[in-house]
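These are the residues of each chain, in order.
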Amino acid sequence: MGKALIIGAGGVASVAVHKCVQNSDVFEEICIASRTKSKCDDLKAKLEGTTKTKITTAQVDADNVDELIALINEVKPDIVMNLALPYQDLTIMDACLATKTHYMDTANYEPEDTAKFEYKWQWDYKERFEKAGITALLGSGFDPGVTGVFSAYALKHYFDEIEYIDILDCNGGDHGYPFATNFNPEINIREVSANGRYWENGDWVETEPMEIKRVYNFAEVGEKDMYLLYHEELESLAKNMPGLKRIRFFMTFGQSYITHLKALENVGMTSIEPIEFEGKQIIPLQFLKAVLPDPASLGPRTVGKTNIGCIFQGKKDGKPVKYYVYNVCDHQECYREVGSQAISYTTGVPAMIGAAMVMTGKWNKPGVFNIEEFDPDPFMEELNKWGLPWVEDFNPVLVDEPVNDKKLEFVR
Ligand code: NDP
């Protein structure tokens, strides 16, 4: 069918590469390109001979548009899969525009010096992508990604109008360390140390970090504490789901994680403000990343499951409807299959599927789009096929239902 250029060779890219070569009818050829070429070569060495997909590798600095253009011109891919970091989104989009090549990613652009989690920079490319006749698929991981597909699927099949969405991201995995992050520590810590925010009746409501807590009993995982966070798909879903009254995002954290994070915050280690150290400017959060376990090393030691999904409330034919759709993923099963834990797996699989949707022409429209703007059905089918089966529940317990006889209210 075609050729993909995959940029990045970290946790998520590694899973996506494994999945692309399993899907060699679509991915006849892939080029893995990253800052550290040896990581690309290691992946190639591991997978070559197991697949019909032809694998090549390259070195690239994805902060450099000219280098990217040169590489795209040499490889001539049908799509560039951006699985590097959010800082590289715009340079890679620029290179795709210059070479008229489709683009996809799993995280919105982030300036290095401020944590924003906003789509505006990427949405600004819409007209230019339309004119160039190419597609940019934004946020094709799990969240953002599958959560947007779940939303589009719920709206298409079960609702006339969705009024409330709660996205529930539960990681019931245990890696045995007192503190480690499951994906890039810098991005993860930026996300959880920022103020919480949710969208209600057309406005954003801001909270202190981790101010709003709920307890939820997750299928195949059990009861967990979860906290309201801002998460980037809230911005696009608030815009793209007609009639929506409120959308929130909750993520589970254990007590040990929160205690460590608080201490690190209190001593200034999570700051993204540069400081001078021994005559050199360093960013505390980047230094912290260097001393924490590499997320890629967590695979063999993480046990347990993730459960990520969305609870929808709304109306169909004038009657109230509740609908919960979620995926459960087992860390050790993922590790056995692709050598990574479930966090990378649940992101890398949808990245492959999103790219395949564009390459096969199922999701091909010029412009810049979030994932919920496409027909969800073919993507939902592929999730079942490629290792992320989903479960439906038409009578779920809601997030704000009483827990231990106590109704929790927003503290504001
Ligand atoms: P990693 O840190 O494991 O990997 C990042 C990769 O990008 C590394 O191979 C790194 O190279 C490479 N890279 C970084 N900067 C450059 C550059 N300037 N030029 C070329 N390559 C570069 O991150 P993850 O795999 O965990 O995450 C990848 C992406 O997925 C991130 O954007 C993250 O936010 C997103 N994500 C999305 C999720 C979702 O559900 N939507 C969930 C989890 C992650 P090097 O090896 O040299 O450092």
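Asks: Even after reading the chapter, I still don't get the nonpolar core, so can you show me in this structure?
Replies: The nonpolar side chains of soluble globular proteins are, as a tendency, buried together. Counting residues in each nonpolar core, the largest one holds 89 residues, and the members touching the most others are Phe27, Ile30, Met81, Phe150 and Phe312. A per-element tally of this core places helix 13 (residues 342-359) first, with 11 residues. Three or more residues apiece are contributed to this core by two domains, here domain 1 (2-141 + 341-384) and domain 2 (146-339 + 390-410). Residues Leu71, Val80, Leu90 and Phe129 belong to the second largest nonpolar core, which totals 28 residues.

Asks: Quick question: what am I supposed to make of the site of the ligand here?
Replies: Taken together, 28 residues surround the ligand, and among them Val12, Arg35, Thr36, Lys39 and Ala62 come closest. Side-chain polar atom of Arg35 to an oxygen atom of the ligand: 2.7 Å apart, as the coordinates give it. Separating an oxygen atom of the ligand from a side-chain N or O atom of Asn184 is a distance of 2.9 Å. Across the complex, the protein chains shield 91% of the 930 Å² of accessible surface that the ligand would expose by itself. In terms of residue class, the shell around the ligand is made up of 13 nonpolar, 10 polar and 5 charged. Both of domain 1 (2-141 + 341-384) and domain 2 (146-339 + 390-410) provide at least three residues apiece to the shell around the ligand.

Asks: It is not clear to me how the sheet that holds strand 5 (residues 102-105) should be interpreted in this structure. Could you clarify?
Replies: In a beta sheet, neighbouring strands pair by backbone hydrogen bonds and run either parallel or antiparallel. Taken in spatial order, the 7 strands line up as 3-2-1-4-5-6-17 in an open sheet, and their pairing is parallel. The open sheet terminates on both sides in strands that have one partner only, identified here as strand 3 (54-59) and strand 17 (367-370). The average undirected angle you get between the axes of adjacent strands in this sheet is 20°. As judged from the 2 bridges shared by strand 5 and strand 6 (residues 135-138), these two strands associate in the parallel manner. Along strand 6, the bridge assignment pairs Tyr103 with Ala136. Against the sheet, helix 1 (residues 11-22) makes contact with strand 1 (2-7), strand 2 (27-34), strand 3 and strand 4 (79-82), and its axis sits at roughly 160° relative to strand 2, the strand it touches most.

Asks: How do you make sense of the packing of helix 7 (residues 146-157) against helix 14 (residues 376-385) when you look at a structure like this?
Replies: Describing two packed helices takes the angle between their axes plus the distance from one axis to the other. The geometry of helix 7 relative to helix 14 is characterised by a closest axis approach of 9 Å and an angle of 120° between their N-to-C directions. One element, helix 7, and the other, helix 14, form an angle in the oblique class. The handedness of the crossing between helix 7 and helix 14 is left-handed. Across the interface between the two elements, Val146, Val149, Phe150, Ala152, Tyr153, Lys156 and His157 from helix 7 touch Pro376, Asp377, Phe379, Met380 and Leu383 from helix 14.

Asks: Explanation requested: unusual backbone geometry in the structure shown.
Replies: Only a minority of non-glycine residues have a phi that is not negative, and only a minority of peptide bonds are not trans. Residue Pro144 is bonded to the preceding Asp143 through a cis peptide linkage, with omega at 5°. Tracing the backbone shows Pro144 in the loop between strand 6 and helix 7. The phi torsion at Glu220 lies on the positive side, around 65°, for a residue other than glycine. Residue placement: Glu220 occurs in the loop between strand 10 (213-218) and strand 11 (222-228). Judged by its relative accessible area of 55%, Glu220 falls in the exposed class. Phi angles above zero are rare outside glycine, and Asp317 is one such case at about 50°. You can see Asp317 is positioned in the loop between strand 15 (305-316) and strand 16 (319-330). Overall, the relative accessible area of 61% leaves Asp317 in the exposed class.

Cut-offs used in this document
Residues numbered from 1 in each chain as written. Predicted model: local features only at pLDDT ≥ 70, side-chain atom pairs only at ≥ 80, totals over all residues. Heavy atoms only, no water. Core = buried A, V, L, I, M, F, W, Y, C linked by side-chain atoms within 4.5 Å. Buried < 20%, exposed > 50% of the residue type's maximum accessible area, 1.4 Å probe, protein only. Helix = DSSP H or I, 4+ residues; strand = E, 2+ residues; numbered from the N terminus. Domains from an automatic or database assignment. Near = heavy atom within 4 Å. Polar contact = N/O pair within 3.5 Å; in protein donor to acceptor, adjacent residues only side chain to side chain. Areas by Shrake-Rupley, 256 points an atom, 1.4 Å probe, with all protein chains shown as cover. Nonpolar A, V, L, I, M, F, W, Y, C, P; charged D, E, K, R; others polar. Pairing = 2+ DSSP bridges. Axes fitted to C-alpha atoms, helices over the stretch in contact; angles between N-to-C directions. Contact = heavy atoms within 4.5 Å. Parallel < 35°, antiparallel > 145°, perpendicular 65-115°, else oblique. Left-handed = near helix turned anticlockwise from the far one by under 90°.

That's the geometry; what it means functionally is another story.
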